[in-house]
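Fold and contact review
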Amino acid sequence: MRLKTLLATAMFAAGLVAAGQAAAQEKLTVWWQKGFYKAEDDALLAAIKKFEAKNPKYKIDLSLYAPQEMIPKAVAALDAGNVPDVTYGDVFDFQVTAKWAYDGKLEDVSSIINPIQSKFEPSALSTTFLLNNTNGTRAYYAYPIKQQTMHIQYWKDMLAEAGFKESDIPKDWKGYWSFWCDKVQVGYRQKTGNRVFGIGQPLGVDSSDSFYSFLTFMDAYNVKLVSDSGKLLVDDPAVRQGLINALTDYTSVYGKGCTPPSATNWKDPDNNVAFHNKTTVLTHNATISIAAKWLDDMNNATLTEAQRATAKKNYTELIATAGFPNKPDGSKMVYRAAVKTGVIFKDAKNKEGAKKFVAFMLDDANLTPYVEGSLGRWFPVTKAAQQSPFWKSDPHRLAVYNQFMNGTTPFEFTKNYKFTVLNNENVWAKAANRILNEKVPVDKATDELIARIKTVAAN
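A short tour of the structure in this document, coming up. Since the model is a prediction, treat every value here as computed from it, not as a measurement.

Scoring rules and cut-offs
- Residues numbered from 1 in each chain as written.
- Predicted model: local features only at pLDDT ≥ 70, side-chain atom pairs only at ≥ 80, totals over all residues.
- Heavy atoms only, no water.
- Pairing = 2+ DSSP bridges.
- Helix = DSSP H or I, 4+ residues; strand = E, 2+ residues; numbered from the N terminus.
- Axes fitted to C-alpha atoms, helices over the stretch in contact; angles between N-to-C directions.
- Contact = heavy atoms within 4.5 Å.
- Disulfide = S-S within 2.5 Å.
- Buried < 20%, exposed > 50% of the residue type's maximum accessible area, 1.4 Å probe, protein only.
- 1 Å grid on protein atoms, 1.4 Å probe; cavity = no way out; pocket = protein on both sides within 12 Å on 5 of 7 lines; lining within 4 Å.
- Points joined across faces, edges and corners; volume = space filled by probe spheres on them.
- Nonpolar A, V, L, I, M, F, W, Y, C, P; charged D, E, K, R; others polar.
- Core = buried A, V, L, I, M, F, W, Y, C linked by side-chain atoms within 4.5 Å.

1. A look at the sheet that holds strand 10 (residues 319-322)
- One open sheet accounts for four strands, arranged 8-9-7-10; its pairing is mixed. At either end of the open sheet lies a strand with only one pairing partner, and these are strand 8 (197-200) and strand 10. Strand-to-strand, the axes of this sheet are offset by a mean angle of 15°, without reference to chain direction.
- Strand direction decides the pairing type here: strand 7 (residues 151-155) and strand 9 (residues 280-285), joined by four bridges, are antiparallel. Each bridged residue has a counterpart across the sheet, and for Gln153 the counterpart in strand 9 is Thr283.
- Relative to the sheet, helix 14 (residues 305-318) contacts strand 7 and strand 10, its axis offset from that of strand 10 by approximately 45°.
- This element, helix 18 (residues 395-405), spans strand 7 and strand 10 of the sheet and lies at about 10° to strand 10.

Below, the structure written as structure tokens:
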């Protein structure tokens, strides 16, 4: 009886201790974008479990949101004055991070970044060093998680069916695009009788792919819209001519009937879908998610053996990942990198815990598995992770590695935050659609584009 009493007392005491520990735990609210692949989410969940084990004081309350939900959710939380402690979204950098920093809505995270600054690739880190107009200072108001740039992907078997080899692909700018339109598309249709298009050219106003792709065409013509200090350069006649050239090339693919007619309405997944369905031979995409989809499928135990075998063949044999052709002036392309950023809002309730979690996530031991969980879709922002064997272990990832190792350039919004507004409006795709759908001359559409840039982003 005495033994039972002792046991009951001990169990009661243990229960009190456990209850006390649970009560003492601080909730840390984390909003994070849902991954493209299960492996991404699994890596995030593993990191969270590891953080909680190391920091029993905190309990992570995680919410995963689809890409299209992240910004509306965050904006609504800001408006309501009830923000999460930690927030990350894949398109924050394109559309909101720099503006939030400018408006003084973000917490300065320099205390996290400065001690580990040397670990980051400098150009990736520089995109998070932003201006806060409320105090007139620049600081790290965001933290880099991963980055992306523009790639070409094409079906090698469809190229062969059209009667061509990879060695036939031109390296010069004009010849390259003409090859896929005037030779591959024509040859494939003649050989198969199928109405397939040579290029999947994103043109939708609701698509970030369309402005990223167009801006890459603009980069091919060495167009610089803004100085390093954020001043607009669009009054330069050379800039205007470069924009005319880029818009001419970008829209002529559609004008020649070389991309699906629906391309002007495409959203971000649609060029992927057209490629996977083999209604296009080539597309450009700002990650290698197209190839990586098949890598994910070939390792997906829920699929049949036949489905996994098809996926393996697609990934390892039939799809190629490559860079863009040389610029019109014959020089090599330098790609713009979009650094994906997370933030801690100024009004976060648990900033101490938030900073502890962000510092934990930025440790290579935790960040590298998360980035590699995306199967090559995202490239690391730390120097050590960029040299991981993961990036040299297959041709797709090696192509990505080589593009980044050749150097990258940042987006305009890192120098003038108002370009996030222009990206939100997608003035680039709107100009293209003025030409294609409303038959506005290219020079007039260019002048309208320049006028809008000046209205929104003038100093």
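2. Brief notes about the state of the cysteines
- Taken as a whole, this structure holds one disulfide when the rule is applied.
- Here Cys181 engages in a disulfide with Cys258; their sulfurs sit 2.3 Å apart. Disulfide Cys181-Cys258: the torsion about the S-S bond is -115°, which places it as left-handed. Of the two residues, Cys181 is situated in helix 9 (residues 173-192) and Cys258 in the loop between helix 11 (237-255) and helix 12 (270-276); the sequence distance between them amounts to 77 residues. There is no split in this pair, since Cys181 and Cys258 are both buried.

3. Thoughts on the layout of surface pockets
- Its volume calculated, the largest pocket comes out at about 930 Å³.
- For the largest pocket, the lining is made up of 38 residues, of which Pro67, Val91, Ser208, Asp268 and Pro269 are closest to its centre.
- Listed by contribution, the elements that provide at least two residues to the lining of the largest pocket are helix 3 (67-80), helix 4 (92-95), helix 10 (208-220), helix 12, helix 13 (289-298) and helix 19 (419-425).
- The class makeup of the residues in the lining of the largest pocket is 14 nonpolar, 15 polar and nine charged.
- Ala322, Gly323, Phe324, Pro325 and Tyr335 are, among the 22 residues lining the second largest pocket, the residues nearest its centre.
- Contributions of two or more residues to the lining of the second largest pocket are made by strand 10 and helix 18.
- The element contributing the most residues to the lining of the second largest pocket is helix 18, with five residues.
- When the residues that make up the lining of the second largest pocket are grouped by side-chain class, the tally is twelve nonpolar, seven polar and three charged.

4. Overview of the side chain of Lys340
- Residue position: Lys340 is located in strand 12 (residues 338-343).
- Assessed through its relative accessible area of 0%, Lys340 is described here as buried.
- Those residues within four positions of Lys340 in sequence are excluded, and the remaining contacts are Tyr88, Asp90, Asp93, Phe94, Tyr143, Pro144, Ile145, Lys146, Gln147, Gln148 and Trp378.

5. Regarding the pairing of strand 5 (residues 137-140)
- Here strand 4 (residues 129-132) pairs with strand 5 via four bridges, running antiparallel. If you follow Leu131 over to strand 5, its bridge partner there is Arg138.
- Count of turn residues in the strand 4/strand 5 antiparallel hairpin: four residues, of which Gly136 carries a positive phi of about 70°.

6. Section: the nonpolar core
- Counting 81 residues, the largest nonpolar core has Trp180, Phe419 and Trp428 as the members making the most contacts within it.
- It is helix 9 that contributes the most residues to this core, eight residues altogether.
- Setting aside chain neighbours within four positions, we find Trp428 in contact with Phe211, Phe214, Leu215, Leu225, Phe419, Leu422, Asn423, Leu449 and Ile453.
- In terms of nonpolar packing, the next biggest core, distinct from the first, is built from 57 residues, Ala139, Ile145, Phe360 and Trp378 among them.

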